[in-house]
Amino acid sequence: MTYTNMEPQDDISRRKQQLKQEYEDLQRVYARLRTRYNRMVEYEGPQLKILYMGHIGSLEFIRLIRKRR
């Protein structure tokens, strides 16, 4: 099939280029988010765990004291 009017083919090419650009943008966004997540887990995770365990530890201590009464 040959087109005398190339508009449908041009529309497909433009749409394909647009989708390719969107895909590349999403890949960059995903890479940034994954890097951010990895840094949070690596650097902030241990600190948050210490804070959490400290808080839980103090609550357990209070609970133990209350049980003894």
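Our subject is the structure listed above.
Residues numbered from 1 in each chain as written. Predicted model: local features only at pLDDT ≥ 70, side-chain atom pairs only at ≥ 80, totals over all residues. Heavy atoms only, no water.

### Focus on the overall build of the chain
When you go through the chain residue by residue, the secondary structure sums to one helix and zero strands. For 69 residues, the compact-globule estimate of 2.2 N^0.38 gives 11 Å, and the C-alpha radius of gyration of the chain, at 28 Å, exceeds that figure by more than 25%. Principal-axis analysis of the C-alpha atoms gives the chain an extent of 95 × 25 × 15 Å. Residues counted as buried form 0% of the 69 residues belonging to the chain. Summed over all atoms, the accessible surface of the chain reaches about 7,100 Å², with 58% contributed by carbon and sulfur. Charge-centre separation for the chain: the mean point of 15 positive side chains lies 19 Å from the mean point of 9 negative side chains. (Helix = DSSP H or I, 4+ residues; strand = E, 2+ residues; numbered from the N terminus. Rg over C-alpha atoms; globule rule 2.2 N^0.38 Å. Buried < 20%, exposed > 50% of the residue type's maximum accessible area, 1.4 Å probe, protein only. Areas by Shrake-Rupley, 256 points an atom, 1.4 Å probe, with all protein chains shown as cover. Lys, Arg positive; Asp, Glu negative; His and termini not counted. Charge placed at Lys NZ, Arg CZ, Asp CG, Glu CD.)

### Digging into a nonpolar patch on the surface
A cluster of nonpolar residues, Leu59, Phe61, Ile62, Leu64 and Ile65, forms a patch on the protein surface that exposes about 430 Å² of accessible area. Mapped onto the fold, isoleucine 65 is located in helix H1 (residues 7-68). Classification of isoleucine 65 as partly exposed rests on a relative accessible area of 32%. (Patch = residues over 30% accessible without salt bridge, like charges linked within 9 Å, V, L, I, M, F, W, Y side chains within 5 Å. Salt bridge = Lys/Arg side-chain N within 4 Å of Asp/Glu carboxyl O.)

### With respect to the pattern of salt bridges
Using the criterion set out here, one finds three salt bridges in the structure. Between arginine 28 and aspartate 25 there is a salt bridge, with its nearest N and O atoms 2.3 Å apart. With a gap of three residues between them, arginine 28 and aspartate 25 both fall in helix H1, about one helical turn apart. On the basis of relative accessible area, aspartate 25 is assigned to the partly exposed category, the value being 33%. Measuring nitrogen to oxygen at the nearest pair gives 3.2 Å for the salt bridge that ties arginine 63 to glutamate 60. Of this pair, arginine 63 and glutamate 60 both sit in helix H1, three residues apart, which is roughly one turn of the helix.

### Notes on the environment of arginine 69
Along the chain, arginine 69 falls in the segment after H1. For the pair arginine 69 and tyrosine 23, spaced 46 residues apart in the sequence, the C-alpha separation amounts to 64 Å.

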